[in-house]
Amino acid sequence: MANCTLITSGSAALLVDTPYTARLTHRLKTAAYQVLPPPVEISTLVNTHANGDHSYGNGEFPGTEIISTEANLRHLCAEPAPEELERLLDQCDEDDPFGRYLLAHFGHFDYRGLSPTSPTRTFTGVLDVPVDDLTVRLIEVGPAHTVGDLIVHVPDQDVVCAGDVLFAGDVPVHWAGPLDGVIDACQQILDLNPRIVIPGHGPPVGQREVRAYMDYVASARDRIHALHAEGLDVDQASRILLRERRAGLGLGERLAILTAVEYRHLDNRTEPAQLVQMLKAAVRLAPECVPGTTPARHTFPPQPPRS
Ligand SMILES: [Zn+2]
């Protein structure tokens with residue numbers, strides 16, 4: 001699941017990213033209001049990027065200011081709406097490996113009942129947002145994971161929310177690239193000398209883990225560039241990266257997506273990225289990533305036991 005971060009001065013509150021489903025958002029709101037002293041309310045939302053797992057819950061905070069980069073707002077039209085995802089999943093065939101892959105990763109989320117809401121305030125570069133006496137600094141670092149990524153710096157707490165320019169525990173997926181953009185974004189995080197960095201997915205980390213992640217991304221970039229220079233096509237290069245993948249990192253099939261994205265830049269191709277086609281290719285090239293069974297639809301998070 002994507003991380004959401006509640007930032008409060010004690011008398012005002014801001015939320016970085018919103019959950020993927022209405023039910024998860026209601027649970028998050030309940031948890032947040034157990035922590036916030038009344039009458040403090042979440043008055044500002046920040047979306048680190050436009051992917052649904054970081055922004056679908058926006059509509060569950062009516063009247064709240066939603067801040068993101070101008071590029072994120074422009075990119076929203078390229079993101080699938082929740083009802084499109086529901087339709088796609090309804091049409092998935094369990095006998096088809098790609099259908100089974102989609103159902104396994106997305107089928108247990110319930111996208112019904114969401115009211116996706118666009119950012120109401122955008123910026124480029126840097127924007128300081130006061131949360132009463134606490135300063136929250138938004139820094140545009142895209143294109144990297146997507147075209148319009150931002151990171152959130154809370155200088156008083158030495159904390160940075162990285163969004164999806166940083167993943168912990170899994171092979172990262174980056175849709176926009178190039179990978180140099182991801183590495184530059186991580187360097188900007190380190191330049192802030194943070195004590196804690198909250199990645200888009202996975203547990204909070206320190207600077208050492210950010211450096212290790214940058215090394216990993218740089219080694220993938222170097223390998224992809226070398227294979228491109230040798231004249232290998234994207235499928236051949238992807239197969240080699242998949243064969244050489246590091247044990248211990250989950251979602252290895254994403255290496256095929258990283259390769260496809262980096263090849264687009266190396267080949268100076270400017271047409272819009274075909275996300276579904278890249279995912280299809282990853283499933284074709286890494287058939288071992290396709291599970292044998294899929295969970296029942298709409299079952300995440302698990303229902304609490306009846307009492
Ligand atoms: Zn994400």
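Here the structure is a predicted model, which means the values were calculated and not measured. (Residues numbered from 1 in each chain as written. Predicted model: local features only at pLDDT ≥ 70, side-chain atom pairs only at ≥ 80, totals over all residues. Heavy atoms only, no water.)

1. Here's the deal with helix H4 (residues 97-106)
Applied cut-off: Remark: exposure states derive from per-residue accessible area (1.4 Å probe, protein chains only) relative to the maximum for the residue type, with buried under 20%, exposed over 50%, and partly exposed in between. Think of it this way: any DSSP run of H or I at least four residues long counts as a helix, any run of E at least two long counts as a strand, and we number them from the N terminus. Contact between two residues is taken to exist if any of their heavy atoms lie within 4.5 Å; hydrogens are not considered.
Counting buried positions along H4 gives seven out of ten residues, so the element sits mostly inside the fold. Along H4, the residues that are buried comprise Phe-98, Gly-99, Arg-100, Tyr-101, Leu-102, Leu-103 and Ala-104. Lining the buried residues of H4 we find helix H3 (82-90) and helix H9 (275-285).

2. Considering helix H1 (residues 22-35)
Heads up, the condition is: Multiplying 1.5 Å by the residue count of a helix minus one yields the expected span of that helix. By construction, the arc corresponds to the directions joining the helix axis to the C-beta atoms.
The terminal C-alpha atoms of H1, which comprises 14 residues, lie 20 Å apart, in line with the 20 Å expected from a rise of 1.5 Å per residue. For H1, every residue scored as buried is listed here: Ala-22, Leu-24, Thr-25 and Ala-32. The buried residues of H1 occupy an angular sector of 150° when the element is viewed end-on, so they sit on one face.

3. Considerations on the coordination of the zinc ion
Let me state the cut-off plainly: Donor selection uses N, O and S atoms within 2.8 Å of the metal (3.2 Å for Na, K and Ca). Since no water is included, sites may look incomplete.
Those donors, Asp-53 (OD), His-54 (NE2), Asp-164 (OD) and His-201 (NE2), are the protein atoms that reach the zinc ion, and they lie 2.1 to 2.3 Å from it. Judged by relative accessible area, which is 15%, Asp-53 ranks as buried.

4. Describing unusual backbone geometry
A cis amide bond links Pro-38 to the next residue, Pro-39, at an omega of 5°. The topology assignment puts Pro-39 in the loop between H1 and strand S3 (42-46). The omega torsion of the bond from Gly-177 to Pro-178 falls at 0°, within 30 degrees of zero and hence cis. Relative to the helices and strands, Pro-178 is located in the loop between strand S9 (159-167) and helix H5 (179-191). In the Ramachandran plot, Asn-193 falls in the positive-phi region, its phi being about 55° despite a non-glycine side chain. Tracing the backbone shows Asn-193 in the loop between H5 and strand S10 (196-201). You can call Asn-193 exposed: its relative accessible area is 53%.

5. Quick word on the nonpolar core
Put simply, the rule is: Put simply, a nonpolar core is a bunch of buried Ala, Val, Leu, Ile, Met, Phe, Trp, Tyr and Cys residues held in one set by side-chain atoms that sit within 4.5 Å of each other.
Core analysis: the largest hydrophobic core is formed by 65 residues, its most contacted members being Tyr-111, Val-165, Val-210 and Ile-257. Among the elements that line this core, the one with the most residues is helix H6 (residues 207-229), at nine residues. For Tyr-111, the residues in contact, after removing those within four places along its chain, are Tyr-20, Tyr-56, Pro-82, Leu-85, Glu-86, Leu-89 and Phe-106.

6. Points about the sheet that holds strand S1 (residues 5-8)
Rules: A pair of strands is labelled paired if DSSP reports no fewer than 2 bridges between them. Between the N-to-C directions of two axes lies an angle of 0 to 180 degrees, each axis being a line fitted to C-alpha atoms and, for a helix, fitted only over the stretch in contact.
In space, the five strands of this open sheet follow the order S1-S2-S3-S4-S5, with mixed pairing throughout. Every interior strand has two partners, whereas the edge strands, S1 and strand S5 (121-123), have only one. On average, adjacent strands in this sheet sit at an angle of 25° to one another, irrespective of strand direction. Direction of pairing for S3 relative to strand S4 (residues 65-69): parallel, over a ladder of three bridges. Its bridge partner being in S4, Thr-44 is matched across the sheet by Glu-65.

7. What about the UniProt feature "domain: Metallo-beta-lactamase" (unreviewed entry) in the protein chain?
For clarity, the threshold we go by: UniProt positions are given in the numbering used here, feature names are shortened, and annotations may be inferred rather than shown by experiment.
Per the UniProt entry, the sites bearing "domain: Metallo-beta-lactamase" (unreviewed entry) are residues 1-201 in this numbering. Annotated as 26% helix and 27% strand, the span residues 1-201 places its first and last C-alpha atoms 6 Å apart.

8. Some words on the pattern of salt bridges
The condition is simple: Any carboxyl oxygen of Asp or Glu that lies within 4 Å of a side-chain nitrogen of Lys or Arg is treated as forming a salt bridge with it.
Tallied over the full model, the rule gives 14 salt bridges. Across the pair Arg-221 and Asp-180 runs a salt bridge, and its minimum N-O distance is 2.6 Å. Taken together, the residues span a long stretch of sequence, with Arg-221 in helix H6 and Asp-180 in helix H5 at a distance of 41 residues. Assessed through its relative accessible area of 18%, Arg-221 is described here as buried. One connected set of salt bridges, linked through shared partners, spans Glu-86, Asp-90 and Arg-297.

9. With respect to the environment of His-228
Among the structural elements, His-228 can be located in helix H6. Not counting residues up to four positions away in its chain, the partners in contact with His-228 are Tyr-263, Leu-266 and Asp-267.

10. Observations regarding the pairing of strand S7 (residues 134-140)
Along any regular strand the residues' side chains alternate between the sheet's two faces. In this structure, strand S6 (residues 126-131) lies alongside S7, joined through six bridges in antiparallel fashion. Its bridge partner lying in S7, Val-126 is registered against Ile-139. Adjacent in sequence and paired antiparallel, S6 and S7 are bridged by two residues, among which Asp-132 carries a positive phi angle near 55°. Across four bridges, S7 lies against strand S8 (residues 150-154) in antiparallel orientation. Residue pairing in the sheet places Arg-137 in a bridge with His-153 of S8.

11. Some details on empty space enclosed by the protein
Worth spelling out the cut-off: In this analysis the probe radius is 1.4 Å and the grid spacing 1 Å, with only protein atoms considered; a cavity is a set of points the probe fits into but cannot get out of, a pocket is an open set with protein on both sides within 12 Å along at least five of seven lines, and lining residues have an atom within 4 Å of a point. Grid points are joined across faces, edges and corners, and a volume is the space filled by probe spheres set on the points.
With the rule as written, the count across this model stands at one cavity of 30 Å³ or more. One number sums up the size of the largest cavity: a volume of about 50 Å³. Along its surface, the largest cavity is lined by Asn-3, Thr-5, Val-16, Asp-17, Thr-48, Cys-161, Ala-162, Gly-163, Ile-198, Pro-199 and Gly-200.

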